[in-house]
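Observations on chain architecture
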Amino acid sequence: MCIRDSLYLAPDQSAFIYAEIQARIIEVATHKHGCCVLQRAMDRADSIRRRSLVAAVVDCTIQLVQDQYGNYVVQYVLDFDSVDLKAEKERISGLLKPHLVNLSRQKFSSNVVEKLLRLDLAGFRSATAKALAEPDTVANLLCHSFANYVVQSCLGSVGESDRRQILAAIRLRASRIRKDDFGAKIFAKLCRSYPYLDDEKSSKQRGRNSMEASFGKFGGSGVKKVENMAGRTTKGQTIPFSESFSGGENGGYPLGLNLGYFPPPSLSQTPSLAAEDVSQGEEHNNVVSGADCQGGRGRHSER
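Keep in mind the model is a prediction, meaning the values are calculated, not measured.

Helix and strand content of the protein chain: 19 helices and 3 strands. A total of 303 residues make up the protein chain; the buried ones form 33% of that total. The contacts in the protein chain between residues at least 6 apart in sequence include a share of 57% that link residues at least 24 apart. Per element, the accessible surface of the protein chain, about 18,300 Å² overall, is 52% carbon and sulfur.

Here it is, written out as structure tokens:
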């Protein structure tokens, strides 16, 4: 009979197993199969023995959360719905709060930190938000492969006031975060969820809005875009080219800028050129219609 099966024996027959597990709690909790046995032991034990096992786990919380198997045991304790274990779970939260920044950088302990953020035991959520409101701290965590998940979980679980403080701290170190290859990807992801986080894009949008407002003073209907030389489109309306560039409502210029209209010179303004053109036209007509054509073929005869 294996140890896990022996847990289903009568309480008086399995008492020595619980005592041995409690005495060697770290060795059992950090073992690949021992952590599963410990979890089944907490399930099968009565309330008194369960509290004894949980108390032994809580005493070793700092060491267990950093282990690849021990962190599952701590999370299993946090998932208990029993009201009797509320004090033990709050004690776990209190033990991890002073070390939450360092624990967020580790692969296994960061999972426990995220679970505590969701449960919000003993003010753990507000303590995390206060730590992340420090610009240098949140910048370092965002550029870390594990800690960035803690920052994202915190932003999704805290209240609006704490969220704005964290985002303000991120904006103060935005240029530094963008220079990091990993941090740039996380920052771009956050900007999709919180667009006002990207100060560079926000400034471009403000400049675009300001330009549209300025041009709207001249045209009366905002910026007008010239699509092609045959017409101009403004808010779904096509204005003919003749009106756009020949002294229409906007003075013959696109974009609503009235700079004056200057008509092209006519033939009447250049009499010498007009007379010369007419005389050349008459000589050409005389040559073509003269008696030098043969057989009506339109060819000039040789002189």
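The backbone phi angle of Asp 120 is positive, close to 55°, even though this residue is not glycine. One can find Asp 120 in the loop between helix H10 (109-119) and helix H11 (124-132). Among the residues examined, Asp 120 registers a relative accessible area of 33% and is labelled partly exposed. Residues other than glycine seldom take positive phi values, yet Ala 122 does so here, at roughly 55°. Topologically, Ala 122 is positioned in the loop between H10 and H11.

Quick look at the pattern of salt bridges now. Under the defined criterion, the tally for this structure stands at 10 salt bridges. Residues Asp 136 and Arg 173 are paired through a salt bridge, measuring 2.8 Å at the closest nitrogen-oxygen approach. Remark: Arg 173 occurs in the loop between helix H14 (160-172) and helix H15 (174-179) and Asp 136 occurs in helix H12 (residues 135-142); sequence separation between them is 37 residues. The exposure class of Asp 136 is partly exposed, given its relative accessible area of 33%. With relative accessibility at 25%, the residue Arg 173 sits in the partly exposed group. In this structure, a network of salt bridges that share partners links the residues Glu 20, Arg 24 and Glu 27.

A few words on the packing of helix H13 (residues 147-157) against H14. Look at H13 against H14: their axes get within 8 Å of each other, and the N-to-C directions meet at 145°. Of the residues in H14, those in contact with Cys 154, Leu 155 and Gly 156 of H13 are Arg 163, Ile 166 and Leu 167. Residues belonging to the contact of H13 with H14 are distributed by class as follows: 4 nonpolar, 1 polar and 1 charged.

Another point: the confidence of the model for the protein chain. Scored by pLDDT, the protein chain has a mean of 76; 61% of the residues are at 70 or more. Counted against residues more than four places away or in other chains, residues 217-236, with its pLDDT under 50, gives 38 contacts. Counting interchain partners and residues more than four positions distant, the pLDDT-below-50 stretch residues 241-259 has 35 contacts.

All right, on to the packing of aromatic side chains then. All told, the structure shown has 1 aromatic pair when counted by the stated rule. Over the face of the ring belonging to Tyr 196 we find Arg 164, whose NZ or CZ atom lies 5.9 Å from the ring centre.

Before going further, it helps to examine the environment of Tyr 149. Along the chain, Tyr 149 turns up in helix H13. In the structure, Tyr 149 is positioned 39 residues away from Ser 110 in sequence and 8.1 Å away in space, judged by C-alpha atoms.

Taken across its 11 residues, H10 has 8 buried, putting it largely inside the fold. Considered for burial, the residues of H10 that qualify are Ser 109, Ser 110, Val 112, Val 113, Glu 114, Lys 115, Leu 116 and Leu 117. Contacts made by the buried residues of H10 are with helix H7 (70-78), helix H8 (86-96), helix H9 (100-104), H11 and H13. Looking one or two residues beyond H10, the residue adopting positive phi is Asp 120, at roughly 55°.

Take the packing of helix H4 (residues 34-44) against helix H5 (residues 47-59) next. At a minimum axis distance of 8 Å, the contact between H4 and H5 shows a crossing angle of 145°. For H4 against H5, the interelement crossing comes out left-handed. Each of Leu 38, Ala 41, Met 42 and Asp 43 in H4 lies in contact with H5, whose residues at this interface are Arg 50, Leu 53, Val 54 and Val 57. The class makeup of the residues in the contact of H4 with H5 is 6 nonpolar, no polar and 2 charged.

Time to look at the environment of Arg 178. Its place among the elements puts Arg 178 in helix H15. For the pair Arg 178 and Ala 188, spaced 10 residues apart in the sequence, the C-alpha separation amounts to 8.7 Å.

With that settled, the discussion passes to the side chain of Ser 104. Among the structural elements, Ser 104 can be located in helix H9. Residue Ser 104 is classed as buried on the basis of its relative accessible area, which comes to 1%. Within the local environment of Ser 104, its side chain forms a polar contact with the backbone oxygen of Leu 100, the two atoms lying 2.5 Å apart. The residues contacting Ser 104, other than those within four sequence positions of it, are Ser 110, Val 113, Phe 146, Ala 147 and Val 150.

Conventions used here
- Residues numbered from 1 in each chain as written.
- Predicted model: local features only at pLDDT ≥ 70, side-chain atom pairs only at ≥ 80, totals over all residues.
- Heavy atoms only, no water.
- Helix = DSSP H or I, 4+ residues; strand = E, 2+ residues; numbered from the N terminus.
- Buried < 20%, exposed > 50% of the residue type's maximum accessible area, 1.4 Å probe, protein only.
- Contact = heavy atoms within 4.5 Å.
- Areas by Shrake-Rupley, 256 points an atom, 1.4 Å probe, with all protein chains shown as cover.
- Salt bridge = Lys/Arg side-chain N within 4 Å of Asp/Glu carboxyl O.
- Axes fitted to C-alpha atoms, helices over the stretch in contact; angles between N-to-C directions.
- Nonpolar A, V, L, I, M, F, W, Y, C, P; charged D, E, K, R; others polar.
- pLDDT = per-residue confidence, 0-100.
- Phe/Tyr/Trp six-rings, centres within 6.5 Å; stacked < 30°, edge-to-face > 60°.
- Lys NZ or Arg CZ within 6 Å of the ring centre and 35° of its normal.
- Left-handed = near helix turned anticlockwise from the far one by under 90°.
- Polar contact = N/O pair within 3.5 Å; in protein donor to acceptor, adjacent residues only side chain to side chain.

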